[in-house]
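One-letter residues, chain by chain:
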Amino acid sequence: MTRIVDAAQRQTATTDLGSSVALSAGAGAGKTSVLVERVANLLLSGVEPQRIAAITFTEKAATEIAERVRDRLEAALREATGVARERVEHALSAYPRIAISTVHAFCRDLLHAEALASEWAPSTEILGESLAPSSVTAAYRRWRKGFARRHPAEAVALRRHATEAALEAAALHMLENRDLRPRVRTEPIDWAVAFDAFVAIQDRVVAAGLLCTAPDTCKLFTKNQALCDSLAAARANGPDGCGAVLAASDLGNLSGGRGADWTGDAKKDFVDAIKAYRAWHAAWSPLLLEPLHAVVFTDMADEFLPDVSASKLLANQVDFQDLLVRAADLLTDDADARARLSARFDAVLVDEVQDTDPVQSHVVTLLTRAVALVGDWDAHPPEPGRLFIVGDPKQSIYRFRRADVAQWAALDALVAQNGRSLALSQNFRSVPGVLDWVNHTFAQLPGFAPLAPFRTPAELAPVVVVDGFEGAEGIGEVEATVRYLCHLRASGARVHDKATGAMRPLRWRDVMILVLSWSPAEGFQDRLLAAGIPA
């Protein structure tokens, strides 16, 4: 029998109900099974179902967890006798009262439970998109008009430097990240430093220009005369002149003119000086927009976002992110509401933690730490046994939803302060050959831990790396792959059928081809189809 190499960690994660646990688990490690077993053990230990909350990423996953908890309890019922059987029967009859849901549904229920404190109306409409409701569009239009009244000079500059589409995209981005304040430059720009560098460059332009022997006819010199005049005017104004020259669009000209019209290497020196000015302009001109950036985004945070919230509240509308943010705000700002909500749960379990963003972490940690404690979500660890999180940091791929591997690391460290940080390394999904390839390929990545196989080796090599070669027959990767696949079918290659558990002949749908880039895919498909292989 294959030995389970992480049996001790699994045992601790499922039975140490008095400790909070952060469990990292690789692909195919059975992390959801561990969560289900812990839920079942909580119920069998006497915890009432309504005092348990299990949170996952999708409604489908929530349904699966509920079904697996039921199956686990039914299996326990078949083996239990006496008092133990009565406890299992009670748990089984009451288990539908467990709050097994997505994080958005969980936050909705928190707001509904504290309807007065959270200003949650019974008829609240939940919308999917942040900018979908008309109330948001109207708030954006009001902000655009109000910005021009509040900041007339900046409004003129904004029309020059930003398109309406870019501003709308910025508004959407801020709305989706409404729990964060915009990061803007607050310290003044040291234009004296920029001016010192500018003076040195302007000296180079002047010195090289004086060595032009035909200033009236040399195209290189005449094309740059206007630039030379503006540089001289800017220098005369001191550091305050930097803004004017940086706002100008004239970056000089680098072509034209004859070397004979210049003394020695002066033409090259003149061109190099213009290039140095361009580099200086590129380095410093973005700073001109930083004050405008600060005004725009601070005003958007102070005027647009509150207007959106008020409009949605009036219209009884929320989107998914509103559910998270409003729940987090409720738990942060209303100590009495947080105490009541925290008292509802003895255990909060979160699956697929690698997909969570900071607001979700905020909600579950505030619910599970001592109610008297204050501070940010990561200021204090959860109470013993109240929080169980499981996920795979290597699968933290939803960056557009603000999921980040750093978020997992922060949660893991927080739980470990007075709980347990555990890891699973056994893989039940893949055959050994796949895991050998994965372990070899990713061995050098920071934090990668090798996965241990559980299944028996496959009859076929599960991973085949096809290195095409240009020999006497001139066979490349595509042709070599096609020949190999045809050989497999002709030789009667067999695979394990997951549905029946028996071995059966290879089907084309059992094969996946990975290529290093998308460009050869169409040619690959054409050759496969020509060989009678559907692809």
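Treat the numbers as computed from the prediction; the structure is a model and nothing was measured.

**A closer look at the overall build of the chain**
Alright, step 1. Per the secondary structure count, the chain includes 21 helices and twelve strands.
Alright, step 2. Computed over the C-alpha atoms, the radius of gyration of the chain is 33 Å, more than 25% above the 24 Å expected from 2.2 N^0.38 for a compact globule of 535 residues.
Alright, step 3. In terms of principal-axis extent, the alpha carbons of the chain reach across some 110 × 80 × 40 Å.
Alright, step 4. Burial analysis of the chain (535 residues in total) assigns 41% to the buried set.
Alright, step 5. When the accessible surface of the chain is totalled, it reaches about 28200 Å², and 56% of it is carbon and sulfur.
Alright, step 6. Between the mean site of the 57 positive side-chain charges and the mean site of the 67 negative ones, the chain shows a separation of 3 Å.

**Details of the sheet that holds strand β6 (residues 347-350)**
Alright, step 1. In space, the six strands of this open sheet follow the order β3-β2-β6-β7-β1-β8, with parallel pairing throughout. Looking at the sheet topology across the chains shown, the edges are occupied by β3 (99-102) and β8 (420-424). When the angles between neighbouring strand axes are averaged without regard to direction, this sheet yields 15°.
Alright, step 2. Each of β1 (21-25), β7 (387-391) and β8 is contacted by helix α1 (residues 7-15), which is oriented at about 130° to β8, the strand it contacts most.
Alright, step 3. Strands in contact with helix α3 (residues 59-79) are β2 (52-56) and β3; relative to β3, the strand with the most contacts, it is inclined by about 160°.

**Concerning the confidence of the model for the chain**
Alright, step 1. Residues with a pLDDT of 70 or more make up 94% of the chain, whose mean pLDDT is 86.
Alright, step 2. For the chain, per-element mean pLDDT is lowest for helix α13 (residues 242-247), which scores 78, and highest for helix α16 (residues 335-342), which scores 95.

**A look at the packing of helix α2 (residues 31-44) against α3**
Alright, step 1. Where α2 meets α3, the closest approach of the two axes is 9 Å, and the angle between their N-to-C directions is 55°. When the axis of α2 is compared with that of α3, the two are oblique. Relative to α3, the crossing made by α2 is right-handed. Seen from α2, the contacting residues are T32, S33, L35, V36, E37, V39, A40, N41, L43 and L44; seen from α3, they are I65, R68, V69, R72, L73 and A76.

**Focus: the packing of aromatic side chains**
Alright, step 1. Here the structure, examined in full by the defined rule, presents 14 aromatic pairs.
Alright, step 2. Seen from their ring centres, Y140 and F304 are 6.2 Å apart, and the 90° between their planes marks the pair as edge-to-face. Taken as a pair, Y140 in helix α7 (residues 134-150) and F304 in helix α14 (residues 266-315) lie far apart in primary sequence, 164 residues in all. Neither residue differs from the other here; Y140 and F304 are each classed as buried.
Alright, step 3. Counting every residue linked through ring pairs, the aromatic cluster contains Y140, W143, F147 and F304.
Alright, step 4. Directly above the ring of W508 sits R489, whose terminal nitrogen or CZ lies 4.5 Å from the centroid.

**Re unusual backbone geometry**
Alright, step 1. The phi torsion at E119 lies on the positive side, around 55°, for a residue other than glycine.
Alright, step 2. Relative to the assigned elements, E119 resides in the loop between α6 (115-118) and β4 (125-127).
Alright, step 3. The exposed category is assigned to E119, whose relative accessible area is 54%.

**Describing the pattern of salt bridges**
Alright, step 1. Tallied over the entire structure, the rule returns 23 salt bridges.
Alright, step 2. Linking E164 and R144 is a salt bridge whose minimum nitrogen-to-oxygen distance equals 3.0 Å. Of the two residues, E164 is situated in helix α9 (residues 164-176) and R144 in helix α7; the sequence distance between them amounts to 20 residues.
Alright, step 3. Overall, the relative accessible area of 33% leaves E164 in the partly exposed class.
Alright, step 4. The partly exposed category is assigned to R144, whose relative accessible area is 22%.
Alright, step 5. Residues R483 and E479 are paired through a salt bridge, measuring 3.4 Å at the closest nitrogen-oxygen approach. Residue R483 and its partner E479 are located together in helix α20 (residues 477-490), separated by four residues, close to a single helical turn.
Alright, step 6. For R483, a relative accessible area of 41% puts it in the partly exposed group.
Alright, step 7. Among the ionic contacts, a cluster of salt bridges with common partners joins K312, D319 and D322.

Thresholds applied
- Residues numbered from 1 in each chain as written.
- Predicted model: local features only at pLDDT ≥ 70, side-chain atom pairs only at ≥ 80, totals over all residues.
- Heavy atoms only, no water.
- Helix = DSSP H or I, 4+ residues; strand = E, 2+ residues; numbered from the N terminus.
- Rg over C-alpha atoms; globule rule 2.2 N^0.38 Å.
- Buried < 20%, exposed > 50% of the residue type's maximum accessible area, 1.4 Å probe, protein only.
- Areas by Shrake-Rupley, 256 points an atom, 1.4 Å probe, with all protein chains shown as cover.
- Lys, Arg positive; Asp, Glu negative; His and termini not counted.
- Charge placed at Lys NZ, Arg CZ, Asp CG, Glu CD.
- Pairing = 2+ DSSP bridges.
- Axes fitted to C-alpha atoms, helices over the stretch in contact; angles between N-to-C directions.
- Contact = heavy atoms within 4.5 Å.
- pLDDT = per-residue confidence, 0-100.
- Parallel < 35°, antiparallel > 145°, perpendicular 65-115°, else oblique.
- Left-handed = near helix turned anticlockwise from the far one by under 90°.
- Phe/Tyr/Trp six-rings, centres within 6.5 Å; stacked < 30°, edge-to-face > 60°.
- Lys NZ or Arg CZ within 6 Å of the ring centre and 35° of its normal.
- Salt bridge = Lys/Arg side-chain N within 4 Å of Asp/Glu carboxyl O.

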